[in-house]
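# Topology and contacts: notes
Okay, here's what each chain looks like letter by letter:
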Amino acid sequence: MNRLPNLDVLRFVLASFVVFFHLPQLCRNQGLPYFLDAPIFNRGTEAVYMFFVLSGFLIIKLIYNEKQKGTFSIKKFYVRRILRIFPLYYLIVIFGFLYYWVILPNLGIPFENNYALGDGILLSVFFLPNIFKDLYLPGGVLEILWSIGIEEQFYLVIAPLLFVINKNKILLVLSLLTGVYFIFYHLEAFSFLSEFTMVFFYLFFGGIVAILEEKKQLKFLKISKLIPLSICVLTLLYFTTDLLFFKQEWLFNLFTMVLFGLFIHSICHNNFGVEIRSKTLNYLGQISYGLYMFHVIALNAVVFLFLKLQKHALFNDGFAIVLMYILTFALTITIAHFSFKYYESYFLKLKNKFRE
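Residues numbered from 1 in each chain as written. Predicted model: local features only at pLDDT ≥ 70, side-chain atom pairs only at ≥ 80, totals over all residues. Heavy atoms only, no water.

### Comments concerning the overall build of the protein chain
Across its full length, the protein chain holds 15 helices and zero strands. On C-alpha atoms alone, the protein chain measures out to a radius of gyration of 21 Å, which is about the 21 Å that the 2.2 N^0.38 rule sets for 356 residues. Summarising its shape, the C-alpha atoms of the protein chain cover approximately 65 × 45 × 45 Å along the three principal directions. Burial analysis of the protein chain (356 residues in total) assigns 49% to the buried set. For the protein chain, long-range pairs separated by at least 24 residues make up 78% of all intrachain contacts whose partners lie at least 6 apart in sequence. Carbon together with sulfur atoms contributes 67% to the accessible area of the protein chain, which is approximately 17200 Å² in total. Looking at the protein chain, you have 30 positive and 20 negative side-chain charges, and the mean spots of the two groups are 14 Å apart. (Helix = DSSP H or I, 4+ residues; strand = E, 2+ residues; numbered from the N terminus. Rg over C-alpha atoms; globule rule 2.2 N^0.38 Å. Buried < 20%, exposed > 50% of the residue type's maximum accessible area, 1.4 Å probe, protein only. Contact = heavy atoms within 4.5 Å. Areas by Shrake-Rupley, 256 points an atom, 1.4 Å probe, with all protein chains shown as cover. Lys, Arg positive; Asp, Glu negative; His and termini not counted. Charge placed at Lys NZ, Arg CZ, Asp CG, Glu CD.)

Rendered as structure tokens:
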């Protein structure tokens, strides 16, 4: 299967934004020097939302094309998703509970587990880590799993839904579903949707953009280089400034949903031949799932090290901040690389057997 251009690099950039977001927060909580003043250090949530749009874009595109050819198999779809998501997800689940219930207590590091262990395990094992996170704040290693839970819940819904829908009605049904769900999400009566960050409209909208492209209905975006250039500039401004930041939740969600969908379309379908071919950046994008899943473990290790070093006052604040970022990225990339090469790749090879 051919990979669309620039999306692997985008994955790495988004994973980096999440690291930029989490490291200073942990440093602040532990009394270490940190820097959070620039908007780019506060866009971790939006980076995850763009990941959602990208997932919807790719997954619904895949299902839509298989439906058109009459080859869509729910069984193969779920086997592929399980082989890609579950091995690393459950590895982090196991490590996370060991970390907070066994490792930290044995190191004499205080951490309050304010939930029954059985409840936490059940919520994590059965695809509800977003609910687990918002009810109990179980710690960063487990809390980052919320976004994987959203994707798992999306997969449980989208495959059966698109399987039963007539292939010519998919775009219509998906558009209606996105609009209705978006409205319900922002109603007070359905506040639990926002409380547990069930932002499925990002994934649905990514799919709408993908289908519109497949149906050749986005040609108007390709009539001038100024259109994708403007979309990319707006996206850059969003992540680096506060000029396009909206306080109203519905407006924030609507703007980012549309902008992120158009941006993803621009860089892979409307880039006028511009493609980032760096093997290093593309590889980092390929292991971005591991980068996301392991980065909290890495930054906890780095922060623990600097808490020890802080007693000796070896570095000034600015140098310490830069060094913590360098070490966090280096450790995260190293762990993700070995995980991808020696663990995930085994399951990915199995996954390829369940393609068309």
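Here the narrative resumes.
### So, the environment of Q217
Looking at the element boundaries, Q217 is found in the loop between α10 (200–214) and α11 (226–240). In this structure Q217 touches L171 and L212, once residues within four positions along its chain are discounted.

### A word on the packing of aromatic side chains
Both the distance between ring centres and the angle between the ring planes are used here to describe each pair of aromatic rings. The tally for this structure, following the rule as stated, stands at 50 aromatic pairs. Relative to Y155, the ring of F77 lies with its centre 6.1 Å away and its plane at 80 degrees, an arrangement referred to as edge-to-face. Taken together, the residues span a long stretch of sequence, with F77 in helix α3 (residues 74–107) and Y155 in helix α7 (residues 146–164) at a distance of 78 residues. Summarising the aromatic geometry, the rings of Y343 and F347 are spaced 5.4 Å apart at their centres and angled 80 degrees between planes, so their arrangement reads as edge-to-face. With Y343 and F347 both in helix α15 (residues 317–352) and four residues apart, this pair spans about one turn of that helix. Since its relative accessible area comes to 27%, Y343 is described here as partly exposed. For R43, the ring lying beneath its charged end belongs to Y238, and the centroid distance is 5.1 Å. (Phe/Tyr/Trp six-rings, centres within 6.5 Å; stacked < 30°, edge-to-face > 60°. Lys NZ or Arg CZ within 6 Å of the ring centre and 35° of its normal.)

### With respect to the packing of helix α1 (residues 7–29) against helix α14 (residues 288–310)
In the contact formed by α1 and α14, the axes pass within 10 Å of each other and the chain directions differ by 25 degrees. Looking at the two axes, α1 sits roughly parallel to α14. You can see that α1 and α14 cross each other, and the crossing is right-handed. Note on element contacts: α14 touches α1 through S288, L291, Y292, H295, V296, L299, N300 and V303, opposite R11, F12, A15, V18, V19, H22, L23, L26 and C27. Residues of the contact of α1 with α14, tallied by class, amount to twelve nonpolar, four polar and one charged. (Axes fitted to C-alpha atoms, helices over the stretch in contact; angles between N-to-C directions. Parallel < 35°, antiparallel > 145°, perpendicular 65-115°, else oblique. Left-handed = near helix turned anticlockwise from the far one by under 90°. Nonpolar A, V, L, I, M, F, W, Y, C, P; charged D, E, K, R; others polar.)

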